[in-house]
Amino acid sequence: MSTIQQIDFSNKKAIIRADLNVPIKDGKISDDSRIVASLPTIQHVLENGGAVILMSHLGRPTKDLNEDGSIKKEKYSLAPVAKELGQLLNTNVLLANDFGGADSQSKAADLKSGEILLLENTRFETGEGKGDEQLAKRLAKLADVYINDAFGTAHRAHASTYKVATLFPADKKAFGFLMNKELEEARKITEQPKKPYTVILGGAKVSDKLLLIEKLVPKADHLLIGGGMAYTFIKAKGGQIGKSLCEEDKIELVRGIMKKAEENNCSIHLPVDTIAADEFKEDANKKLVSTSEIPENLMGLDIGPKTILQYSKIIAESATIFWNGPMGVFEMPPYATGTVKIAEAISDSTAKGAYSLIGGGDSVAAVNKFGLGDKMSYLSTGGGAMLTLLEGTVLPAVEAMKH
Ligand code: AMP
């Protein structure tokens, strides 16, 4: 693989896998930060005499089909993205009406240096998710150079992220600037993080993060657990969790992980108090209770003040901090305090010199919502990809560049 700076783009067509998966409502983009984050790579190719062919997914069209099983092409079209990109770059961005089909081929063939062509949503083709070789070959034929700048999908072995990369020789493929930055930041926590190293994990499901927790136990000094996943841990320790989220079939595994943590001098911290409610609603009846004594009729929806204090103290004493997953149901204001206070604690610790990486999805949305985005060392654009890296697994998109 080359670096993007080593590649000569003059009179070449570069096909770039970007992550332009922005939130769109009624045809309007509500947050264009992913498009903005992709600009440096696009501009680099254009400024060095090349033409740009862009690929990106948008939403999950295959999970929201029409009644006859067809894709909602208008709803999931990248047309608003082409328009926004054109405005940001002050140029016209062409849009192909398919992904690697006849329209992509004819528009790519006519593309001149300095021009940009965006292909339609990668997920309009079923071969994308399967890493289909024929689709990848059609994509590879469109361009001379392949650039991957989509960290958010780097953990997926799709046609546009993996297979197509394997079809380009080493001197004709490179990572984009965003991808390089993400991998560089990830190394600060995967390769000898400064100690004490604290990982804060929350969110709904423990099953999504069990492998990660197991892999982190020998590396992290502190694991602070919050959100819905905490209650499976509490139950595994014999606590009463009422109606709180619990994954019964994971209790044995959780016990095994807690034992491994003890043997490795990794402290797994669980919430000591909880804001519990009688319904999953903003205006439910609420009560502050001990996390291991939640009454039968209540469910835990946020961490309580004692837990916030304990967790904040550990965060203040940490040199490296990674956070993924909210501490409670932060979308509803009565259960957002835990997530806000933990975000503040991380921001305070960062101001005092700690390195903090916020890993994608809900945690980044939460940090931005509370206006603390620029107080963190780095906000990753990829939750799943960052968690995969932390597990110690090589990302397929990174692997593909080696072939
Ligand atoms: P995840 O996708 O696993 O990171 O989970 C994020 C979701 O977890 C958010 O939508 C939160 O509302 C939800 N969540 C956090 N804490 C709880 C809780 N105690 N009970 C139910 N859901 C929760």
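About the criteria used
- Residues numbered from 1 in each chain as written.
- Predicted model: local features only at pLDDT ≥ 70, side-chain atom pairs only at ≥ 80, totals over all residues.
- Heavy atoms only, no water.
- Helix = DSSP H or I, 4+ residues; strand = E, 2+ residues; numbered from the N terminus.
- Rg over C-alpha atoms; globule rule 2.2 N^0.38 Å.
- Buried < 20%, exposed > 50% of the residue type's maximum accessible area, 1.4 Å probe, protein only.
- Lys, Arg positive; Asp, Glu negative; His and termini not counted.
- Charge placed at Lys NZ, Arg CZ, Asp CG, Glu CD.
- Domains from an automatic or database assignment.
- Contact = heavy atoms within 4.5 Å.
- Buried area = accessible area lost by both parts, 1.4 Å probe.
- Salt bridge = Lys/Arg side-chain N within 4 Å of Asp/Glu carboxyl O.
- Near = heavy atom within 4 Å.
- Polar contact = N/O pair within 3.5 Å; in protein donor to acceptor, adjacent residues only side chain to side chain.
- Areas by Shrake-Rupley, 256 points an atom, 1.4 Å probe, with all protein chains shown as cover.
- Nonpolar A, V, L, I, M, F, W, Y, C, P; charged D, E, K, R; others polar.
- Axes fitted to C-alpha atoms, helices over the stretch in contact; angles between N-to-C directions.
- Parallel < 35°, antiparallel > 145°, perpendicular 65-115°, else oblique.
- Left-handed = near helix turned anticlockwise from the far one by under 90°.
- Pairing = 2+ DSSP bridges.
- Expected span 1.5 Å × (residues − 1).
- Right-handed = clockwise from strand over helix to strand, strands pointing away.

1. As for the overall build of the chain
Moving on, step 1. For the chain, the helix and strand inventory stands at 15 helices and 19 strands.
Moving on, step 2. Computed over C-alpha atoms, the radius of gyration of the chain comes to 23 Å, within 12% of the 22 Å expected from 2.2 N^0.38 for 403 residues, which places it in the range of a compact globule.
Moving on, step 3. Among the 403 residues that make up the chain, the fraction classed as buried is 55%.
Moving on, step 4. Side chains of the chain give 49 positive and 52 negative charges; the mean places of these two sets differ by 2 Å.

2. A short note on the domain arrangement of the chain
Moving on, step 1. Looking at the assigned domains, one finds that the chain contains domain 1 (4–180) and domain 2 (192–390).
Moving on, step 2. Between domain 1 and domain 2, the C-alpha centre-to-centre distance is 35 Å.
Moving on, step 3. Of the residues lining the interface, six residues belong to domain 1; the matching set on domain 2 comes to nine residues.
Moving on, step 4. For the pair domain 1 and domain 2, the summed buried area comes to about 580 Å², and 68% of that belongs to carbon and sulfur atoms.
Moving on, step 5. Counting across the domain 1 and domain 2 interface gives zero salt bridges.

3. What to know about the site of the ligand
Moving on, step 1. Taken together, 16 residues lie near the ligand, and Ala204, Gly300, Gly328, Glu331 and Asp362 sit nearest.
Moving on, step 2. For the ligand, an oxygen atom lies 2.9 Å from a polar atom in the backbone of Ala204.
Moving on, step 3. At 2.9 Å, a backbone N or O of Gly300 approaches a nitrogen atom of the ligand.
Moving on, step 4. With the chains in place, 79% of the 510 Å² that the ligand exposes on its own is no longer accessible.
Moving on, step 5. Taken together, the residues of the shell around the ligand sort by class into seven nonpolar, five polar and four charged.

4. A short note on the packing of helix α11 (residues 305–316) against helix α12 (residues 337–351)
Moving on, step 1. As a packed pair, α11 and α12 sit with axes 9 Å apart at the nearest point and diverge in direction by 20°. The angle between α11 and α12 falls in the class roughly parallel. At the point where α11 passes α12, the crossing takes the right-handed sense. The segment α11 lies against α12, with Ile308, Tyr311, Ser312, Ile315 and Ala316 engaging Thr337, Gly338, Lys341, Ile342, Ala345, Ile346 and Ser349.

5. Quick word on the pattern of salt bridges
Moving on, step 1. With the rule as written, the count across this model stands at 20 salt bridges.
Moving on, step 2. In this structure, Lys235 and Glu248 form a salt bridge, with 2.6 Å as the shortest nitrogen-oxygen distance. Taken together, the residues span a long stretch of sequence, with Lys235 in helix α9 (residues 230–236) and Glu248 in the loop between β11 (240–241) and α10 (251–263) at a distance of 13 residues.
Moving on, step 3. The network of salt bridges with shared partners includes Asp64, Lys72 and Lys75.

6. What about the sheet that holds strand β9 (residues 197–201)?
Moving on, step 1. Spatially, the six strands line up as an open sheet ordered β12-β10-β9-β17-β18-β19, and their pairing is parallel. One side of each edge strand has no neighbouring strand; the edge strands of this open sheet are β12 (267–269) and β19 (378–380). Strand after strand, the sheet turns through a mean of 15° between neighbouring axes, direction not considered.
Moving on, step 2. In the sheet, strand β10 (residues 222–225) pairs with β12 via three bridges, with the strands oriented parallel. Bridge pairing in β12 links Leu224 to His269.
Moving on, step 3. In this fold helix α13 (residues 361–369) packs onto β17 (320–324), β18 (355–359) and β19, with an angle of close to 115° to the strand it touches most, β18.

7. With respect to the sheet that holds strand β13 (residues 273–277)
Moving on, step 1. Taken in spatial order, the three strands of this open sheet run β14-β13-β16, and their pairing is antiparallel. In this open sheet, the two strands that pair with only one neighbour each are β14 (286–290) and β16 (299–303). Within the sheet, the average angular offset between the axes of one strand and its neighbour, ignoring direction, is 40°.
Moving on, step 2. Relative to β16, β13 runs antiparallel, the two sharing four bridges. Across the sheet, the residue bridging to Ala276 is Gly300, located in β16.
Moving on, step 3. Sheet strands touched by α11: β13, β14 and β16. Its angle to β16, the strand with the most contacts, is close to 40°.

8. Overview of the side chain of Glu185
Moving on, step 1. Mapping Glu185 onto the fold places it in helix α7 (residues 177–190).
Moving on, step 2. By relative accessible area, which is 4% here, Glu185 ends up buried.
Moving on, step 3. Those residues in contact with Glu185, other than ones at most four positions away along the chain, are Tyr355, Leu357 and Tyr378.

9. Digging into helix α1 (residues 33–47)
Moving on, step 1. For α1, built from 15 residues, the straight-helix expectation of 21 Å at 1.5 Å per residue is met to within 8% by its first-to-last C-alpha distance of 22 Å.
Moving on, step 2. The set of residues buried in α1 consists of Ile35, Ser38, Leu39, Thr41, Ile42, His44 and Val45.
Moving on, step 3. Residue Gly49 follows α1 closely and has a positive phi angle near 85°.

10. Observations regarding the pairing of β18
Moving on, step 1. A large share of β18 lies buried, amounting to five of its five residues.
Moving on, step 2. Of the pairings in the sheet, the one linking β17 to β18 comprises four bridges and is parallel in character. Its bridge partner being in β18, Ile321 is matched across the sheet by Ser356.
Moving on, step 3. After leaving β17, the chain enters α12 and then returns to the sheet as β18, a path that is right-handed.
Moving on, step 4. Sheet analysis places β18 next to β19, joined by three bridges and oriented parallel. Each bridged residue has a counterpart across the sheet, and for Leu357 the counterpart in β19 is Tyr378.
Moving on, step 5. Handedness of the crossover is the feature at issue here: the chain leaves β18, passes through α13, returns alongside β19, and the resulting connection is right-handed.

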